[in-house]
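Overview (structure and organization)
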Amino acid sequence: MSQPLHERRLRILVHASAFNSLTQRITLELAALGHDIAVALAVDSGAELRAAVRRHDPELIVCPMLTSVVPEDVWSTRTCLIVHPGPPGDRGPSSLDWALGAGLRQWGVTVLQAVAEMDAGDIWAAEAFEIPQLSGGISKSDVYRNELSDAASRAVERAVRRFARGGFRPRPAPHGVARPYYRQENRRIDWRSDTTASVSRALRIADSSPGVLDEIDGRGYFLFGGQPEEGPLLPGRTRPGAFLATRGGAVCRATVDGAVWLSSARPRRLPGGPPTAKVPAADALAAHLRGVPELPASPVASSGPRQTWSSVRYQEQGPVGLLRFSFPGGAMSTGDCRRLLAGYRHALDRPTRVLLLGASRDVFSHGIHLGAIEAAPDPARESWANINAMDDLVEAILTTHDRITVAALGGNAAAGGLMLALAADEVWVREGAVLNPHYRLMGLYGSEYWTSTLPRRVGPDAAERLTADALPLVAAQALRLGLVDRVLACTPQRFTEEASALGQELAGSADWSHRLAAKRRAREHADAQRPLAWYRSEELAHMYRNFYAPDEPYHELRRAFLHKTPPRSTPERLRRVRPAVAA
């Protein structure tokens, strides 16, 4: 969304099934346009929504992500706009799944008015988008967080402007047939006959939810991933469905004509058993992997044409190094952090002037891997190992003195993942990204040297407010606050190219040497005032208590997050998006 509007200011209620990244983005962008925003989550049969309507008296209700029905007594008395993840005429609950399953190259978003029949209301705005044709395919969650999110942002802004101006008559929706829910029968993989391309597509369509249900040795698992493997991992022919190797928490599984990598898995919940969580595939499937070799994860995997599983890749473009990384869902396990640190140290051995970190489309990082922690025999101990591995990585970036480092965020970042970015000299972020600079919702104090880097960027008062309020930011807000240095207005697919070009400009700038000298002086001055070791020690003292004290809520909150336990009501912090946060 663009500039603050000149139309009248509206009271808008955002109603959603979850405060996910799209809901966060739409909420904050509408607030930035000058509207008075409140949020009501769909946590019950409608009582929460009705209470919010009485409290906020909205002129307009916007639903960015809704899996339940709006009560008739609400939509019949207030204009209620539904964001549907499909083009005009598309109906049904699994629109993006069906589009990706059919191999379509273009899809869309429609903003339509709620009526009795689902997805059949009049259309206020629609926006088409291209589905990227990536080598090895693209995941549903990637498209949703990027191309679909961008299209939804534009469509919602247009619809709200039309409503604010008055006089607009929405057009009737074209006739369409509602497609059913995309069930596991549609996703099922036959390892005896399905090709690598077919298996990869099925897995990517099911990411990040619900996964592909499969049975292994009589036990059910929901599988995730889909990266094809083009290199021969083992000599000779291998039985389709056999496990070939593991690498960095992922598992390689044979197909009839190759192999694919499974990044994560979730055991199917047993009748009467406890909920299960998505964890690294090698952890979830450990009982089935006896004798399966672990392949080393090279910290210098190239970004060449061969397809294989590697979460960290390095390449050079003249004086610019690109350390690209991508972790499922942005979660970084202890091993992930150590592999990325090894890649970073390799990059430092190269003769470059600028080092870009990230520089890929989609999620940058969300910090420590809660799923891997949950799967560990001792979650508190694994939490401690994970946060120390993150701190080691951040410290290496903060103490780099011989080149300019840039965190290039092509997508969302949160908690320790965002603080990882703040360790770099500059932070560049794509326009559509959503940033969450806080830890409080997981019951954590936080580490990654945030008590040094966050106040340094935004000032102590703003740092305290951001971490205490626990609200998200869109890129434009982050830029105004000083949290980031540059916002790139480009498509997700062009982000790497745009960031690389800016990196070349930075490496060739006339003041590069002066900037490097100033960086060294600033680090020396900061260390003289208070060394980095002090910040780490203080932060980790708090984190140790979070992990080990019996009265701390972290473990319960972690499990609730992983098991997708819905809140009982809309959190108080969301009931009104205050102008101080939205501005």
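Read on for an overview of the structure. Note that the structure is predicted; figures quoted are calculated from it, not measured.

**Considerations on the side chain of Ser500**
Tracing the backbone shows Ser500 in helix α16 (residues 495-507). Residue Ser500 is classed as buried on the basis of its relative accessible area, which comes to 6%. The residues contacting Ser500, other than those within four sequence positions of it, are Gln317, Leu322 and Leu356.

**Points about the nonpolar core**
Counting 64 residues, the largest nonpolar core has Leu409, Leu435, Leu454 and Leu483 as its most contacted members. With 9 residues, helix α11 (residues 379-398) is the largest single contributor of residues to this core. If sequence neighbours within four positions are ignored, Leu409 has contacts with Phe364, Leu418, Ala421, Val427, Trp428, Val429, Arg430, Leu435 and Phe495.

**Here we look at the sheet that holds strand β13 (residues 312-317)**
Taking strand neighbours across the sheet as the criterion, the 6 strands line up as β13-β14-β16-β18-β20-β23 in an open arrangement whose pairing is mixed. Because the sheet does not close on itself, it has two edges, and the strands there are β13 and β23 (486-488). Direction aside, neighbouring strands of the sheet carry axes that sit 20° apart on average. Both strand β16 (residues 354-361) and strand β18 (residues 404-410) contribute to a ladder of 7 bridges, which runs parallel. Each residue of the ladder has a partner; that of Arg361, found in β18, is Gly410. Across the sheet, α16 is in contact with β13, β14 (320-325), β16, β18, β20 (426-430) and β23; its angle to β16 comes to roughly 170°. Across the sheet, helix α17 (residues 512-529) touches β16, β18 and β20, and the angle it forms with β18 is around 95°.

**Re helix α5 (residues 140-165)**
The end-to-end C-alpha distance of α5 is 35 Å, a good match for the 38 Å that 26 residues give at a rise of 1.5 Å each. At Ser149, α5 is bent by approximately 40°, the largest bend along its length. In terms of residue burial, α5 counts as a mostly covered element, since 21 of its 26 residues are buried.

**Structural notes on unusual backbone geometry**
A cis amide bond, omega -5°, links Asp207 with the succeeding residue Ser208. Examined against the element boundaries, Ser208 turns out to sit in the loop between α7 (196-205) and β7 (212-216). In this model, Ser209 is joined to Pro210 through a cis peptide bond whose omega is 10°. By the secondary structure assignment, Pro210 is in the loop between α7 and β7. Residues other than glycine seldom take positive phi values, yet Asp362 does so here, at roughly 75°.

**Some words on the environment of Trp98**
Mapped onto the elements, Trp98 comes out in helix α4 (residues 95-101). In this structure, the C-alpha to C-alpha distance between Trp98 and Leu481, residues 383 residues apart in sequence, is 40 Å. Apart from the residues lying within four places of it in its own chain, the contact partners of Trp98 are Arg179, Pro180, Tyr181, Tyr182 and Asn186. A distance of 2.9 Å separates a polar atom in the side chain of Trp98 from the backbone oxygen of Pro180.

**As for the side chain of His555**
Within the element layout of this structure, His555 appears in helix α19 (residues 554-562). From its side chain, His555 meets the backbone oxygen of Phe547 in a polar contact 2.7 Å long. Residues within four places of His555 in sequence aside, it is in contact with Pro379, Ala380 and Phe547.

**Quick look at the pattern of salt bridges**
Counted by the stated rule, this structure contains 39 salt bridges. When the shortest N-O distance is used, the salt bridge between Asp214 and Arg253 registers 2.7 Å. With Asp214 in strand β7 and Arg253 in strand β10 (residues 250-254), this pair connects stretches of sequence that are 39 residues apart. Across the salt bridge formed by Glu395 and Arg536, the nearest N and O atoms sit 3.2 Å from each other. Residue Glu395 is located in helix α11, and its partner Arg536 is located in helix α18 (residues 532-548); the two are separated by 141 residues in the primary sequence. Under the relative-accessibility criterion, Glu395 is labelled partly exposed at 31%.

**Focus: the state of the cysteines**
Within this structure, the stated rule accounts for 0 disulfides. For the unlinked cysteine Cys80, the closest cysteine sulfur is that of Cys63, found at 3.7 Å. Using a relative accessible area of 1% as the deciding quantity, one classes Cys80 as buried.

**Structural notes on empty space enclosed by the protein**
Picture a little ball the size of a water molecule; that probe, rolled over the atoms, points out where space is still empty. Summed over the entire model, instances satisfying the criterion amount to 5 cavities of 30 Å³ or more. Counted as a void, the largest cavity has a volume near 50 Å³. Forming the walls of the largest cavity are Leu323, Phe325, Leu340, Tyr344, Leu357, Leu393, Ile397 and Leu420. When contributions to the lining of the largest cavity are tallied by element, the ones reaching two or more residues are β14, α9 (334-348) and α11. Residues of the lining of the largest cavity, tallied by class, amount to 8 nonpolar, no polar and no charged.

**Observations concerning the pairing of strand β8 (residues 219-229)**
When you tally the buried positions in β8, you get 10 out of 11 residues, the bulk of the element. Bridge count for β7 against β8 is 5 bridges, and the pairing is antiparallel. Paired with Ile216 across the bridge in β8 is Arg219. Linkage of β7 to β8, two consecutive antiparallel strands, is achieved through a turn of 2 residues, within which Asp217 is found at a positive phi near 50°. Alignment of β8 against strand β11 (residues 259-267), held across 8 bridges, turns out to be antiparallel.

**Some thoughts on the packing of aromatic side chains**
One pass over the structure, following the stated rule, counts 11 aromatic pairs. The interplanar angle of 35° and the centroid separation of 5.8 Å between the aromatic rings of Phe325 and Phe327 together place this pair among those described as tilted. With a relative accessible area of 5%, Phe325 lands in the buried category. The class of Phe327 is buried, set by a relative accessible area of 4%. A centroid spacing of 5.7 Å and a plane angle of 55° characterise the contact between Tyr445 and Trp450, whose relative ring orientation is tilted. The aromatic ring of Trp191 is capped on one face by Arg253, whose charged end is 4.1 Å from the ring centroid. Over the aromatic face of Trp512 sits the side chain of Arg353, whose NZ or CZ is 3.8 Å from the ring centroid.

Calculation notes
- Residues numbered from 1 in each chain as written.
- Predicted model: local features only at pLDDT ≥ 70, side-chain atom pairs only at ≥ 80, totals over all residues.
- Heavy atoms only, no water.
- Helix = DSSP H or I, 4+ residues; strand = E, 2+ residues; numbered from the N terminus.
- Buried < 20%, exposed > 50% of the residue type's maximum accessible area, 1.4 Å probe, protein only.
- Contact = heavy atoms within 4.5 Å.
- Core = buried A, V, L, I, M, F, W, Y, C linked by side-chain atoms within 4.5 Å.
- Pairing = 2+ DSSP bridges.
- Axes fitted to C-alpha atoms, helices over the stretch in contact; angles between N-to-C directions.
- Expected span 1.5 Å × (residues − 1).
- Bend = angle between axes of the 7 residues up to and from the residue.
- Polar contact = N/O pair within 3.5 Å; in protein donor to acceptor, adjacent residues only side chain to side chain.
- Salt bridge = Lys/Arg side-chain N within 4 Å of Asp/Glu carboxyl O.
- Disulfide = S-S within 2.5 Å.
- 1 Å grid on protein atoms, 1.4 Å probe; cavity = no way out; pocket = protein on both sides within 12 Å on 5 of 7 lines; lining within 4 Å.
- Points joined across faces, edges and corners; volume = space filled by probe spheres on them.
- Nonpolar A, V, L, I, M, F, W, Y, C, P; charged D, E, K, R; others polar.
- Phe/Tyr/Trp six-rings, centres within 6.5 Å; stacked < 30°, edge-to-face > 60°.
- Lys NZ or Arg CZ within 6 Å of the ring centre and 35° of its normal.

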